[in-house]
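Residue strings, one per chain:
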Amino acid sequence: MIKVLFFARLQEELGKDNMELDTAGWTIDELKNWLEAEYNLDGVTQTMTAVNEEFTDGSHILASGDTVAFIPPVSGG
Amino acid sequence: MENRYAKQELFSPIGREGQNLLQTKHILIMGAGALGSANAEMLVRAGIGKVTIIDRDIVESSNLHRQQLYTEKEAEKHTPKAIAAKERLQQINQDTKIDAFVLDADAANLEKLIRNVNLIIDGTDNFDIRFILNDLSQKHQIPWIFGASAGSFGMTYTFIPGKTPCLHCLFPSIPGIGMSCDSSGIIGPAIQMTASYQTTEAMKWLTENEEALRTSLLFFDIWHGQQQTIGMNKGKNKECLSCGNNRAYPYLNQSETAHIDVLCGRDTVQIRPSSKKKYDFSHIAKHLQSHGNVKSNNYVLTCLYRDYRIAVFHDGRVLIHGTKKKDEAKSIYHEFFAETNLNLVTKE
């Protein structure tokens, strides 16, 4: 299983802060596209992604036991 | 009597030596809003040698809950933030040299202002300007400390050219949807926390404690007491056009176009004409007087018109307060500043 953590705006849109998904073997981009379609999760494709607390690009292939975090960019100041 | 920095020197990673270094250093603070104010005050109190501070905006009462350098008096007078910031900072520490610029920053004017700067602090509220800062940082090998805050969230990272990934590595293009003060609101403590992390990193760099710099990106939610760090070991992109092997600094080469921006956190739209103007306020005042009450100081002319307040700067920038809608602002602008009318009020 893959544990997916959602932060900030994504938490509000989803109504929860994490999910367990059976998506080992998927790339990060595939996971983002699926989440966007499945949950109508606006802007998830533009979020920063960490796998096991390390920055990761969209081509990374997920392995069972990974923890994925999606962090939306903050722009204000 | 103890010297004013005695307690800071007693902190061993800084010491007398670090304090002496700090007093020779020059930082550029881009933006004098909430993050810019908080960083500037801490660093000026800490005894930094020189601060260049840049902001395009004027003080509004809706800034006062979080922008610590400003008072009700300045909100009433619509003082430009850079000017109000300099005045307050100079009261705090007269030994710091402060250069303040009321300026809508772009690649060209910023490039002139970053000469001899040791570090850039991000006090901006949008990614367009951050991508320009990032390219300048890479081109001139000056570190910058990214900071952003909205709602109860904050995000910060220390970009060191040649060492860390750059902003363009982390975001292949400018993020279209960022959480801003408009979409999420903002509370003061989120600002203070973000700025505290930024200033701490700045102190490390400026006192030459480079090995102590944080290497991860930090994201937190101060309301819920959550924090997430993101390691950057895999962040660097060798093909990056800003910091990779074949650099082009793409954000420094954008053509001049008219820009319309919604300003963060309030009912204001900024319009910047495609070319710089040199407005003579007495001409503009005559032009606007028949439409509403006109006031001006050395920096800005304001006119109350219907439910809007129009603020005009010498360089041609216009702020339309009272709307968040670009189209609405544009039509107000064109009532007074249509290209044909511009000639009437332009003094070359």
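So, here's what we can say about the structure. (Residues numbered from 1 in each chain as written. Chains lettered and ligands numbered in written order. Predicted model: local features only at pLDDT ≥ 70, side-chain atom pairs only at ≥ 80, totals over all residues. Heavy atoms only, no water.)

For the rest of this paragraph, the subject is the overall build of chain A. When its secondary structure is counted, chain A shows 2 helices and 5 strands. Traced from its N-terminal end to its C-terminal end, chain A shows the element sequence β-α-β-α-β-β-β. Relative to the globule expectation of 11 Å for 77 residues, the C-alpha radius of gyration of chain A, 12 Å, shows essentially globular dimensions. In terms of overall dimensions, chain A has a C-alpha envelope of 35 × 25 × 15 Å along the principal axes. (Helix = DSSP H or I, 4+ residues; strand = E, 2+ residues; numbered from the N terminus. Rg over C-alpha atoms; globule rule 2.2 N^0.38 Å.)

The next subject is the overall build of chain B. A tally of regular secondary structure across chain B gives 13 helices and 14 strands. The C-alpha atoms of chain B give 21 Å as radius of gyration, which agrees with the globular expectation for 348 residues (20 Å, within 12%). Of all 348 residues assigned to chain B, the portion counted as buried reaches 57%. Across chain B, every contact between residues at least 6 apart in sequence was considered, and the portion connecting residues at least 24 apart equals 65%. When the accessible surface of chain B is summed, it comes to about 15,300 Å², and 49% of that surface belongs to carbon and sulfur atoms. Charge-centre separation for chain B: the mean point of 40 positive side chains lies 2 Å from the mean point of 38 negative side chains. (Buried < 20%, exposed > 50% of the residue type's maximum accessible area, 1.4 Å probe, protein only. Contact = heavy atoms within 4.5 Å. Areas by Shrake-Rupley, 256 points an atom, 1.4 Å probe, with all protein chains shown as cover. Lys, Arg positive; Asp, Glu negative; His and termini not counted. Charge placed at Lys NZ, Arg CZ, Asp CG, Glu CD.)

The next thing to look at is the sheet that holds strand 1 (residues 2-6) of chain A. All names here are of chain A. The 5 strands lie next to each other as 2-1-5-3-4, forming an open sheet whose pairing is mixed. Edge positions in the sheet fall to strand 2 (18-21) and strand 4 (54-55), since each of these pairs with one other strand and no more. As paired strands, strand 3 (residues 48-51) and strand 5 (residues 67-71) are joined by 4 bridges and run antiparallel to one another. Across the sheet, residue Met-48 finds its bridge partner in strand 5, namely Ile-71. (Pairing = 2+ DSSP bridges.)

Residue and element names in this part refer to chain B. Here helix 10 (residues 188-206) spans 26 Å end to end across 19 residues, near enough to the 27 Å set by a 1.5 Å rise per residue. Taken residue by residue, helix 10 has Gly-188, Ala-190, Ile-191, Thr-194, Ala-195, Gln-198, Thr-199, Glu-201, Ala-202, Met-203, Lys-204 and Leu-206 as its buried positions. In the segment just after helix 10, Glu-208 is the residue with positive phi, at about 60°. (Expected span 1.5 Å × (residues − 1).)

Once that is clear, we can look at the sheet that holds strand 5 (residues 144-150) of chain B. All names here are of chain B. Taking strand neighbours across the sheet as the criterion, the 8 strands line up as 3-2-1-4-5-6-7-8 in an open arrangement whose pairing is mixed. At either margin of the open sheet sits one strand with a lone partner, and together these are strand 3 (97-102) and strand 8 (226-230). For this sheet, the mean angle separating the axes of adjacent strands, direction not counted, is 15°. In the packing of helix 3 (residues 34-46) onto the sheet, the strands contacted are strand 1 (26-30), strand 2 (50-55), strand 4 (119-122) and strand 5, and the crossing angle to strand 1 comes to about 160°. Of the strands in this sheet, strand 1, strand 4 and strand 5 touch helix 7 (residues 127-140), which is tilted by about 170° from strand 5. (Axes fitted to C-alpha atoms, helices over the stretch in contact; angles between N-to-C directions.)

Residues and elements named next belong to chain B. One way to put it is that helix 3 packs onto helix 5 (residues 81-92) with a least axis distance of 9 Å and a crossing angle of 30°. One element, helix 3, and the other, helix 5, form an angle in the roughly parallel class. Read as a crossing pair, helix 3 and helix 5 show a hand that is right-handed. In this structure, helix 3 contributes Ala-40, Glu-41, Val-44 and Arg-45 to the contact, and helix 5 contributes Arg-88, Leu-89 and Ile-92. (Parallel < 35°, antiparallel > 145°, perpendicular 65-115°, else oblique. Left-handed = near helix turned anticlockwise from the far one by under 90°.)

What follows covers the interface of chain A and chain B. Facing 19 residues of chain A, the contacting portion of chain B comprises 39 residues. Across the chain A to chain B interface the summed buried area is about 2,500 Å²; carbon plus sulfur atoms make up 63%. If you sort the residues of chain A by the area they bury against chain B, A:Phe55, A:Val74 and A:Gly77 come out on top, with a joint share of 28%. At the surface where chain A touches chain B, the tally comes to 0 salt bridges. Where chain A touches chain B, the interface holds 10 residue pairs in polar contact (both at pLDDT 80 or more). If you list the elements that add at least two residues to the side of chain A that touches chain B, you get helix 1 (9-14), strand 3, strand 4 and strand 5 of chain A. A per-class count over the side of chain A that touches chain B returns 10 nonpolar, 6 polar and 3 charged. (Buried area = accessible area lost by both parts, 1.4 Å probe. Salt bridge = Lys/Arg side-chain N within 4 Å of Asp/Glu carboxyl O. Polar contact = N/O pair within 3.5 Å; in protein donor to acceptor, adjacent residues only side chain to side chain. Nonpolar A, V, L, I, M, F, W, Y, C, P; charged D, E, K, R; others polar.)

All names here are of chain B. Assignment of secondary structure puts Trp-205 in helix 10. A relative accessible area of 21% places Trp-205 in the partly exposed class. For the pair Trp-205 and Leu-22, spaced 183 residues apart in sequence, the C-alpha to C-alpha distance is 9.4 Å. Residues contacting Trp-205, with those up to four places away along its chain left out, are Asn-118, Leu-119, Pro-143, Ile-160, Glu-210 and Leu-213.

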